[in-house]
Amino acid sequence: MKNAIKFNASPELKILIDEWKDWLLKERRYSVHTADAYLRDLSFFINFFENLTPSALEVLDVRDFRRFISTRASKNIEKSSLSRELSAIKNFFNWLNKKHSIKNESIGLVSNPKKAKTLPKAIDADDAFELLDQAPFFSKSDWQGLRDRAVMILLYGSGLRISEALNLNVGQIKKDQKALIVKGKGNKERVVPILPAEFDAIEAYLKIVPYALKEGDPLFVGARGERLTARIIQRQMQKIRAYMGLSESVTPHALRHSFATQLLDVGCDLRSIQELLGHESLSTTERYTNVSLEKLKKEYNKAFAQNNK
């Protein structure tokens, strides 16, 4: 169980932080999980300076922000986590400027730490859920945002290739459906699980899509009503990962990798994962063992460091 989030700040600033949390939940429609993650990330910054006031936030300069980043980096925090913290801080300052005219131009001069390129493409579960929460807010219209979220949930929840998700037609996924038959590479069919959250996301999109889609029509359509292309989802993913400060390896295909890696983490056998992914060769699926072993090593080193403080 995580510790309660505390802010060593003035009463006036605490009120603003509470307002920001309400805005994240009600206007941006973030999940409670994502909003709490943002608040926890912000708390590291607020508590670093101690007893901050709204007016004090306006006069912080670039050196103050860099001093915070340097101190956090000295604690061996991963660059991806530091980028995430900085993303939350920037979000809070942008909100302060728009809602309360509390402005600090220096925050715009602070860059996210550069992250080393890594081979594994699986996304951390927390980042994956936040990414899905963010998906509706980077499109030109509400229906397109819900469409993008539904596509991404299919990639993450069922391990579909993006081409497989975009080739679906209206009527292929129905309420209370437990599994779906998809055609993968080589026109080979396989059975994948369908979660209630996937159906709910598709239903939310279909309720407001401005086209009268009938059974057999493309399920996911573009602005002109034609079948959606992979490039649109790839472009949306680029926007989201930039906003969240995530690696360039976070692509639509990375959601499929995450599906497989997290199944392996909870004990699913490689042969079953091979079937779910539609891999012709087991050696292709075995690549996920390297990703999981790397994650295990990181968790072990983290635990070892904490126990030897």
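In this report, we go over the structure that sits alongside the text.

This part is about the overall build of the protein. Counting secondary structure elements, the protein contains 14 helices and two strands. In the protein, which comprises 309 residues, the share counted as buried stands at 43%. Long-range contacts, defined here as pairs at least 24 residues apart, represent 65% of the contacts in the protein between residues at least 6 apart.

Right, let's get into the environment of asparagine 104. On the secondary structure map, asparagine 104 appears in the loop between helix 5 (79-100) and helix 6 (125-134). Owing to a relative accessible area of 7%, asparagine 104 belongs among the buried residues under this scheme. C-alpha separation for the pair asparagine 104 and aspartate 61, spaced 43 residues apart in sequence, amounts to 8.1 Å. With sequence-adjacent residues up to four places away left out, asparagine 104 is seen in contact with Leu57, Glu58, Val59, Leu60, Phe65 and Phe93. Of the polar contacts made by the side chain of asparagine 104, one reaches the backbone nitrogen of serine 106; its length is 2.8 Å. A distance of 3.4 Å separates a polar side-chain atom of asparagine 104 from the backbone nitrogen of isoleucine 107.

Another aspect to go through is the packing of helix 7 (residues 142-158) against helix 9 (residues 196-208). Running from N to C, helix 7 and helix 9 cross one another at 160°; their axes reach a closest spacing of 8 Å. When the interaxial angle is binned, helix 7 and helix 9 end up roughly antiparallel. The crossing of helix 7 and helix 9 is left-handed. Residues Asp142, Trp143, Leu146, Arg147, Arg149, Ala150, Ile153, Leu154, Gly157 and Ser158 of helix 7 form the contact with helix 9, whose participating residues are Ala197, Glu198, Ala201, Ile202, Ala204, Tyr205 and Ile208. Looking at side-chain class alone, the contact of helix 7 with helix 9 contains 11 nonpolar, two polar and four charged residues.

On to a positive patch on the surface, then. Together, Lys140, Arg231, Arg235 and Lys239 line one region of the surface with positive charge. Counting through the fold element by element, lysine 140 comes out in the loop between helix 6 and helix 7.

The subject of this paragraph is unusual backbone geometry. Even without being a glycine, serine 101 presents a positive backbone phi close to 55°. Following the sequence through the fold, serine 101 ends up in the loop between helix 5 and helix 6. For serine 101, a relative accessible area of 59% gives the class exposed. Here aspartate 176, not a glycine, exhibits a phi torsion of approximately 65°, which is positive. Counting through the fold element by element, aspartate 176 comes out in the loop between helix 8 (162-166) and strand 1 (179-183).

Our next topic: the environment of asparagine 94. Take asparagine 94: it is sitting in helix 5. A residue is classified by how much of its surface remains accessible, and asparagine 94, at 43% relative accessible area, is partly exposed. Considered as a pair, asparagine 94 and glycine 108 are 14 residues apart in the sequence and their alpha carbons are 9.6 Å apart.

A few words now on the packing of aromatic side chains. All chains considered together, the criterion is met by 18 aromatic pairs. Here phenylalanine 48 and phenylalanine 68 contribute two aromatic rings whose centre-to-centre distance is 5.6 Å and whose plane-to-plane angle is 70°, an arrangement assigned as edge-to-face. Taken together, the positions of phenylalanine 48 in helix 2 (residues 32-49) and phenylalanine 68 in helix 4 (residues 62-73) put the pair 20 residues apart, joining distant regions of the chain. The class for phenylalanine 68 is buried, based on a relative accessible area of 2%. The ring of phenylalanine 137 has arginine 28 lying over it, and the distance from NZ or CZ to the ring centre is 4.6 Å. One residue, arginine 72, lies across the ring of phenylalanine 44, its end atom 4.0 Å from the ring centre.

Now for the pattern of salt bridges. Using the criterion set out here, one finds 13 salt bridges in the structure. Taking the shortest distance from any N to any O, the salt bridge between aspartate 127 and arginine 84 comes out at 2.4 Å. Separated by 43 residues along the polypeptide, aspartate 127 in helix 6 and arginine 84 in helix 5 bring together distant segments of the chain. A salt bridge links glutamate 105 to lysine 103, with the nearest nitrogen and oxygen atoms 3.8 Å apart. The exposed category is assigned to glutamate 105, whose relative accessible area is 62%. Salt bridges here are not isolated pairs; linked through shared partners, they connect Asp41, Arg84, Asp127 and Glu130.

The alternating pattern of strand 2 (residues 189-193) places Arg190 and Val192 on a buried face and Glu189, Val191 and Pro193 on a face that is not buried. Here five bridges tie strand 1 to strand 2, and the two strands are oriented antiparallel to one another. Bridged to lysine 183 within strand 2 is glutamate 189. Counting the residues in the hairpin turn of strand 1 and strand 2 gives five residues, including glycine 186, whose phi is positive at 70°.

What counts and what doesn't
- Residues numbered from 1 in each chain as written.
- Predicted model: local features only at pLDDT ≥ 70, side-chain atom pairs only at ≥ 80, totals over all residues.
- Heavy atoms only, no water.
- Helix = DSSP H or I, 4+ residues; strand = E, 2+ residues; numbered from the N terminus.
- Buried < 20%, exposed > 50% of the residue type's maximum accessible area, 1.4 Å probe, protein only.
- Contact = heavy atoms within 4.5 Å.
- Polar contact = N/O pair within 3.5 Å; in protein donor to acceptor, adjacent residues only side chain to side chain.
- Axes fitted to C-alpha atoms, helices over the stretch in contact; angles between N-to-C directions.
- Parallel < 35°, antiparallel > 145°, perpendicular 65-115°, else oblique.
- Left-handed = near helix turned anticlockwise from the far one by under 90°.
- Nonpolar A, V, L, I, M, F, W, Y, C, P; charged D, E, K, R; others polar.
- Patch = residues over 30% accessible without salt bridge, like charges linked within 9 Å, V, L, I, M, F, W, Y side chains within 5 Å.
- Areas by Shrake-Rupley, 256 points an atom, 1.4 Å probe, with all protein chains shown as cover.
- Salt bridge = Lys/Arg side-chain N within 4 Å of Asp/Glu carboxyl O.
- Lys, Arg positive; Asp, Glu negative; His and termini not counted.
- Charge placed at Lys NZ, Arg CZ, Asp CG, Glu CD.
- Phe/Tyr/Trp six-rings, centres within 6.5 Å; stacked < 30°, edge-to-face > 60°.
- Lys NZ or Arg CZ within 6 Å of the ring centre and 35° of its normal.
- Pairing = 2+ DSSP bridges.

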